[in-house]
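The lines below spell out each chain.
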Amino acid sequence: MGKPAIRMYKDSSDLKRMQKLTQILWTLESNFHIGDLAWQRHLHVGREGDWITAIWEVDNQPVAWGWIRLPGSLTFQVNPSYSELSKDVIDWFDKMTAANEQKVTVLEKESHLISALEEASFTPLAENPEVLSKISLDSFPFSVELPDEFKGRHIKGSEDAANRVAVHRAAFHPSNVTEESYLNVMNTYPYDASLDWVIEAPNGELAAFCLIWFDEVNKVGLLEPVGTAPGYRRMGLASSVCKLALHALREKGAETAIVVCVTPETYEFYKSLGFESYAKTKSFHRFNNTKHNPSIGS
């Protein structure tokens, strides 16, 4: 077995390598789904200058990756079989940033990452955790009732991009998602237009949406993002579009769907659909004057 080698991120082929590791490691005890990486990497245009990304490989196979969002935030994943690389990624993070405060968020179950962070003098950060929720698709109720003349469908591809962006920007105003960025999303593995569902209003506007990313290897789909334009809220459209998309996901062979709930309100919404929580994130931070110094006695 060769020694770990670090290489800097260059292009979309490296995103696929990051996703390969994420797919290999995916369980309900890991923080990322391949769709997370696709969406976060491409939902905005022009952010690349604020990112530093590296991949650690052994025998040309990815075993860890780190993604820095300047000035001082790190996202990373390390194969537990190479847990010693957790320290290497944290040291790389330290060398690449000059921020006074460094922040890292992991899943509460990723003990090998938490141990490395604690050894590097990171301490828990008092932030509301994100809640990861799941649902089995075996018994999910897919009955949908839409208001008169509203219809649900998946998008047709690039011809729907402008309208798809318009409803996203309305739902998440203010938003930096553009037609250019969404076309990038659509060209990124594992995007599938047949899992990008919308509710179309009688006037032709798109009123609500649910995009699901399907990991065929692990038979799990990630809902990201889901939203409703302000003028169409309180009509049950978000629930309906999620059910339609989840039905399409099950038809493709998925067994489980997951979602990341960033607020108590989103958690309650997905709970109403039958999702149940299975994990929470845990955030850590470190200031420059608390960095681990091996010359200082414990």
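Conventions and cut-offs
Residues numbered from 1 in each chain as written. Predicted model: local features only at pLDDT ≥ 70, side-chain atom pairs only at ≥ 80, totals over all residues. Heavy atoms only, no water. Helix = DSSP H or I, 4+ residues; strand = E, 2+ residues; numbered from the N terminus. Rg over C-alpha atoms; globule rule 2.2 N^0.38 Å. Buried < 20%, exposed > 50% of the residue type's maximum accessible area, 1.4 Å probe, protein only. Areas by Shrake-Rupley, 256 points an atom, 1.4 Å probe, with all protein chains shown as cover. Lys, Arg positive; Asp, Glu negative; His and termini not counted. Charge placed at Lys NZ, Arg CZ, Asp CG, Glu CD. Core = buried A, V, L, I, M, F, W, Y, C linked by side-chain atoms within 4.5 Å. Contact = heavy atoms within 4.5 Å. Salt bridge = Lys/Arg side-chain N within 4 Å of Asp/Glu carboxyl O. Axes fitted to C-alpha atoms, helices over the stretch in contact; angles between N-to-C directions. Parallel < 35°, antiparallel > 145°, perpendicular 65-115°, else oblique. Nonpolar A, V, L, I, M, F, W, Y, C, P; charged D, E, K, R; others polar. Pairing = 2+ DSSP bridges. Phe/Tyr/Trp six-rings, centres within 6.5 Å; stacked < 30°, edge-to-face > 60°. Lys NZ or Arg CZ within 6 Å of the ring centre and 35° of its normal.

Caption draft 1: Up close: the overall build of the protein. Of the regular secondary structure elements, the protein holds eight helices and 13 strands. For 298 residues, the compact-globule estimate of 2.2 N^0.38 gives 19 Å, and the protein sits close to it at 20 Å. Structurally, the protein occupies a C-alpha span of about 70 × 40 × 35 Å along its principal axes. Every one of the 298 residues in the protein was classed for burial, and the buried ones make up 50%. A total of about 14300 Å² of accessible surface is found on the protein, and carbon and sulfur atoms cover 48% of it. Charged side chains of the protein number 30 positive and 39 negative; the gap between the two group centres comes to 2 Å.

Caption draft 2: Summary view of the nonpolar core. Counting 60 residues, the largest nonpolar core has Tyr191, Leu223, Leu246, Leu249, Tyr270 and Phe275 as its most contacted members. Here the element with the most residues in this core is strand 10 (residues 206-215); it accounts for nine residues. Residues contacting Leu223, with those up to four places away along its chain left out, are Cys210, Leu211, Ile212, Cys242, Leu246, Ala257, Ile258, Val259, Tyr270 and Phe275.

Caption draft 3: Up close: the pattern of salt bridges. Summed over all chains, the structure comprises eleven salt bridges. With a shortest N-O distance of 4.0 Å, Lys151 and Glu200 are connected by a salt bridge. With Lys151 in strand 8 (residues 151-154) and Glu200 in strand 9 (residues 196-200), this residue pair connects regions lying 49 residues apart in the sequence. Assessed through its relative accessible area of 45%, Lys151 is described here as partly exposed.

Caption draft 4: Representation of the packing of helix 5 (residues 161-171) against helix 6 (residues 179-186) in the model. Viewed as axis vectors pointing N to C, helix 5 and helix 6 meet at an angle of 110 degrees, and their least axial separation amounts to 9 Å. With respect to helix 6, the axis of helix 5 lies roughly perpendicular. Packed against helix 5, whose contacting residues are Ala161, Ala162, Arg164 and Val165, the element helix 6 presents Glu179, Tyr182, Leu183 and Met186 at the interface. For the contact of helix 5 with helix 6, the class distribution of residues is six nonpolar, no polar and two charged.

Caption draft 5: Quick look at unusual backbone geometry. The omega angle of the peptide bond from His173 to Pro174 is -5 degrees, so this bond is cis rather than trans. Along the chain, Pro174 falls in the loop between helix 5 and helix 6. At the junction of Tyr189 and Pro190, the peptide bond is cis and its omega measures out at 0 degrees in the coordinates. In this structure, Pro190 sits in the loop between helix 6 and strand 9. Here Asn60, not a glycine, exhibits a phi torsion of approximately 70 degrees, which is positive. Take Asn60: it is sitting in the loop between strand 2 (51-58) and strand 3 (61-69). A positive phi is found at Glu149, a non-glycine position, where the angle reads about 70 degrees.

Caption draft 6: Summary view of the pairing of strand 13 (residues 276-287). In this structure, strand 5 (residues 101-107) lies alongside strand 13, joined through seven bridges in antiparallel fashion. Within strand 13, the residue paired with Val106 across the bridge is Lys282. In this structure, strand 6 (residues 123-124) lies alongside strand 13, joined through two bridges in antiparallel fashion. Across the sheet, Pro124 pairs through a bridge with Phe284, a residue of strand 13. In the sheet, strand 7 (residues 131-136) pairs with strand 13 via four bridges, with the strands oriented antiparallel. Each residue of the ladder has a partner; that of Val131, found in strand 13, is Lys280.

Caption draft 7: Quick peek at the packing of aromatic side chains. Using the criterion set out here, one finds nine aromatic pairs in the structure. When the ring of Trp39 is compared with that of Tyr182, the centres are 6.3 Å apart and the planes differ by 75 degrees; the resulting orientation is edge-to-face. Within this pair, whereas Trp39 is found in helix 2 (residues 34-42), its partner Tyr182 is found in helix 6, the two being separated by 143 residues in sequence. Residues Trp39 and Tyr182 agree in their burial class; the two are buried. Across the ring face of Tyr9, the terminal group of Arg41 is positioned such that the distance to the ring centre comes to 3.9 Å. Looking at Arg41, its charged tip hangs above the ring of Trp67, at a distance of 4.4 Å from the centre.

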